[in-house]
Amino acid sequence: MHVRVLGTGAADGWPNPFCSCASCTAERSAGRLRGQTSALVDDVLLLDCGPETPHAAQRAGVDLTNLRHVLITHAHPDHCAPAFLLFRSWVSEDPLDVVGPPDVVDEARRWVAPDSTVRFTAVAPGDVLTLGSYEVRVLAADHLEGSVLYDVGDGDQRLLYATDTGPLPEWTVTSVTDAHFDVVLMEETFGSWQDHGTHHLDLATFAAQLERLRAVAAIDDHTDVVAVHLSHHHDASPPLEEHLAAVGARAVDDGTVVGHHEPVTSPFALGPVDPPSATARAEAAERLAGLATPAGALGRLGDLAVWVAATQGTVPPEPVERVRAVIFAGDHGVARHGVSAYPAEVTPAMVQLFLAGRAGVSALANQHGVAVRVLDIAVDADLDGPVAEHKIRRSSGAIHVEDALTPAETRAALDAGAVVAAEEIDAGAQLLISGDMGIGNTTPAAALIAASLGLPAIEVTGRGTGVDGDAFARKVEIVQQALDRAGDRVDDPVETLTALGSADLAAAAGFMATAARRGVPVLLDGVISVASAVLAERLAPGAAAWFAAGHRSTEPAQSLALDKLGLVPILDLGMRLGEGSGAVAAVPLVRSAAVVLRDVALLADLDL
C-alpha cells in the first residue's frame, strides 16, 4: 500500500497566513507550509478532499487521473469541497466512488449531473465496503454528529485514517482490536494547549489514544504513526518532532510517502508504449514490393517480414538468431474444482521435465535453437534453486470464490515479469516467447479474456486439457461465477488480474508489456499467452503492435482475443499443448521472413 500524505495541516493550515505568532513565524522561516489534511492511497483512493487537495497533489508531483474512490470523513469544508467533482467532470467520465456520511453525500451530489458516472454511498459507523481491491471499515469519530473515520485494507497492509476526532469512542477502539495497522494518520491539532474544549486531540490526548490502540494490538512497533491536522497551537520550541517521538509518532512534510514499507521504484511501468518504427515499416513495405518475386507471391510471409523490420527499426532486417522463451509456471485454485482432466500435482512434475529438457517445448526449442527458461511463479510445491527466484506464492486463489491475488501480489508478479524481460533482453534476445505451465490455467485465461472483451463465459470457455460433459459445464459455470463476482472491477486491468488472473499470468503480462516498452518483439503462443497479451495491451496501450501470433489454439477465447488485438496466427495446426510450443514451432517462419526480405534480390538489380 503506497500512502502519500498530501496535506498535514488543520483547516487554516500551519502557518496560518494571517498569523504572526512565534509558531507560525518559525514555520514560515523554515519554509514549511502545511495544507489541509488529506491522503492518497496507491494513486486511486483519496481520503478527504478539501479545496486545496487537488493542487496539493500536483505540488507533490502526482496527479489524480487514476482516482477511483474518495472517502470523506465529515462535512467541514477543509475535508469536503465537492466542487472537485465538477472540475473532474469536465475532463473525465471514468467511474468514481464518493463515500461519506449522509450530509456529505447530499452536498456532493449537487455537483454532478443526474447521468454522471459518480456513485455515491452514504455510510455510518459499522458499515463495511468493498471498493475495488480495498476493504473499508467505517468507524465512529468524536466530532460532528455523523462524522466517521476509516480503516482501509488491501489484503496486505492496513491504514487507519483518524481525523477529525476527539478521544476515540470505545466502540472504535474495540473494532480495531488486533488490526496491527501498518500506517496510522491521526489528528493532533492543539499541541500543548489542553483547554481548547473542542472535539479534537492535543499532545496529551493524542498520546493517550496511542496507548489505547497499543493495548488492543491495533498498533505495534512496526506501525508508522503520523500526526496530521497540525496547527499553530504547537509551541515553536521544543520542536513538535521531539514531543511526537516520545510517544512513538512523527510529523512529516506535505507530500511525504509514509509507512515503514517504503516503496521502491517498480520495475514494471504502466502507460502507453511507443510503436515499432513507422519509417522502417514503410521502407520494408517498399523493399518487399521491389523484390524479384511476383507481386504478393510471398503472401503473409511478406507481411511478417515487414513487421520484423519495423520492430528492429532497420531495413533490411537483421537475421533473427537470438530467440529466448520463458515459461511462467503456476497452479490455480480452480483446479481443485473439476475444471481440468488432470490433477494439480502435474504442474511441479512438468517443471522438473522442463528443467531436464524433456518436455514438448524442449524438443522443439532444441531443434530450432531457442533458449528456454522456466520459472516457478506460483507452483503449489516448494521448488528449490533459480527456478523459484521469482516465486510470488503457492497457487493462486480459486477465482469463482475469491481473488486470485492480493493487490501487493499482483504488483509483485508484474514486477517479476518486468525483471525477467529485462534480464532476457540484456542477455541479447531479439525475439521473446512467453510460455506457460499450470493445471487449470485455461480457466483464468478465459475469465481474463471474457472480462477484457465484455463477453459471457459460454462464448470464451474451451475444453482445455480435454474436459467434456458435466466437467465442461462446471468450467463454464465457474468462469461465469468469477466474472459476476468481479463485477465492475474488471474496468481496471490491474484489478482484473487481481480478481480473475493468477500470479503466472500476471507475470507473463508484465513480461510482454516490458518487452514492448524496451522495443523487443514477442511471439505469442496459445490461449494463456494471448490472455496475458490482452492484459499487457490494457496495461501498456500500444504493446500489441510488438506482438505476433505464433499459432491458433483450439480454445475459442484465443481466437476472439487475437481478433481484438488485430493479430492473425502464423500457424494453424490444431495445437493445444501450451508451454510456448506453438510459438516455438513458428520461429522458423519468422526467421525465414527476415532473411527473405534481406537476401532476395531486387527487381531494380536485374539486368533487364
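Residues numbered from 1 in each chain as written. Predicted model: local features only at pLDDT ≥ 70, side-chain atom pairs only at ≥ 80, totals over all residues. Heavy atoms only, no water.

### Re the pattern of salt bridges
1) Next: Within this structure, the stated rule accounts for 26 salt bridges.
2) Next: For aspartate 426, the salt bridge is made with arginine 518, and the minimal N-O distance between the two is 2.8 Å. A residue pair is termed long-range when its members are at least 10 positions apart, and aspartate 426 in helix α12 (residues 407-426) and arginine 518 in the loop between α17 (503-517) and β17 (522-524) qualify at 92 residues.
3) Next: The class of arginine 518 is partly exposed, set by a relative accessible area of 41%.
4) Next: One salt bridge in this structure joins glutamate 495 and arginine 489, with 3.3 Å as the shortest N-O distance. Like glutamate 495, the residue arginine 489 is buried in the burial classification.
5) Next: Residues joined in a network through salt bridges with shared partners are Arg324, Arg373, Glu389, Glu423 and Glu424. (Salt bridge = Lys/Arg side-chain N within 4 Å of Asp/Glu carboxyl O. Helix = DSSP H or I, 4+ residues; strand = E, 2+ residues; numbered from the N terminus. Buried < 20%, exposed > 50% of the residue type's maximum accessible area, 1.4 Å probe, protein only.)

### Observations concerning the sheet that holds strand β18 (residues 547-549)
1) Next: On the basis of which strands lie adjacent, the open sheet formed by 5 strands has the order β15-β14-β16-β17-β18 and parallel pairing. The open sheet has two free edges, formed respectively by β15 (370-378) and β18, since each of these has just one partner strand. Taking each pair of neighbouring strands and ignoring which way they run, the sheet shows an average axis angle of 30 degrees.
2) Next: Pairing of strand β14 (residues 323-330) with strand β16 (residues 431-437) involves 7 bridges; the strand directions are parallel. (Pairing = 2+ DSSP bridges. Axes fitted to C-alpha atoms, helices over the stretch in contact; angles between N-to-C directions.)

### A word on the pairing of β15
1) Next: Most of β15 sits inside the fold, with 7 of its 9 residues counted as buried.
2) Next: The pairing of β14 with β15 spans 8 bridges and is parallel. If you follow alanine 325 over to β15, its bridge partner there is valine 372.

### Quick look at unusual backbone geometry
1) Next: In the segment running from tryptophan 14 into proline 15, the intervening peptide bond is cis, with an omega of 5 degrees.
2) Next: Backbone torsion omega between threonine 163 and aspartate 164 reads -5 degrees, so that peptide bond is classified as cis.
3) Next: Within the secondary structure, aspartate 164 is located in the loop between β10 (158-162) and α5 (170-175).
4) Next: Positive phi outside glycine occurs at aspartate 48, with the angle close to 70 degrees.
5) Next: Turning to its location among the elements, aspartate 48 is positioned in the loop between β3 (45-47) and α2 (53-59).

### Regarding helix α11 (residues 360-368)
1) Next: When we look at burial in α11, the residues that qualify are Val361, Ser362, Ala365 and His368. Axial view of α11: buried residues confined to an arc of 140 degrees, hence all on one face. Opposite the packed face of α11, turned more than 90 degrees from it, sit the exposed residues Ala363, Asn366 and Gln367.
2) Next: The secondary structure elements touched by the buried residues of α11 are β14, α10 (346-356), β15 and α20 (581-599).
3) Next: Note on α11: the residue one or two positions beyond its end, glycine 369, has a positive phi of about 65 degrees. (Arc of directions from axis to C-beta. Contact = heavy atoms within 4.5 Å.)

### A closer look at the side chain of serine 362
1) Next: Mapped onto the elements of the fold, serine 362 is located in helix α11.
2) Next: Exposure remark for serine 362: the relative accessible area of 5% places this residue in the buried category.
3) Next: Excluding residues within four positions of it along the chain, serine 362 makes contact with Phe354 and Gly357.

### Things to note about the environment of valine 494
1) Next: You can see valine 494 is positioned in helix α16 (residues 493-500).
2) Next: Ignoring any residue separated from it by four or fewer positions in sequence, one finds valine 494 in contact with Leu270, Thr410 and Leu539.

### Points about the packing of helix α13 (residues 442-453) against helix α18 (residues 527-539)
1) Next: Where α13 contacts α18, the axes come no closer than 9 Å and their chain directions differ by 35 degrees. The interaxial crossing formed by α13 with α18 has left-handed handedness. Taking contact as the criterion, the partners of Thr442, Ala445, Leu448, Ile449, Ser452 and Leu453 in α13 are, on α18, Val527, Ile528, Ala531, Val534, Leu535 and Arg538.
2) Next: The class makeup of the residues in the contact of α13 with α18 is 9 nonpolar, 2 polar and 1 charged. (Left-handed = near helix turned anticlockwise from the far one by under 90°. Nonpolar A, V, L, I, M, F, W, Y, C, P; charged D, E, K, R; others polar.)

### Side note on the packing of α13 against α16
1) Next: The contact between α13 and α16 brings their axes to 10 Å, and the two run at 150 degrees. Judged by the angle between their axes, α13 and α16 are roughly antiparallel. Crossing hand, α13 versus α16: right-handed. Listed contacts from α16 to Pro444, Ala447, Leu448 and Ala451 of α13 are Thr496, Leu497 and Leu500.
2) Next: When grouped by side-chain class, the residues that make up the contact of α13 with α16 number 6 nonpolar, 1 polar and no charged. (Parallel < 35°, antiparallel > 145°, perpendicular 65-115°, else oblique.)

### Some details on helix α9 (residues 299-312)
1) Next: The end-to-end C-alpha distance of α9 is 21 Å, a good match for the 20 Å that 14 residues give at a rise of 1.5 Å each.
2) Next: What α9 keeps buried is the set Gly302, Leu304, Ala305, Val306, Trp307, Val308, Ala309, Ala310 and Thr311.
3) Next: For α9, the secondary structure elements touched by its buried residues are α8 (278-289), β16, β17, β18 and α20.
4) Next: Positive backbone phi, approximately 75 degrees, marks glycine 313, located one or two places after α9. (Expected span 1.5 Å × (residues − 1).)

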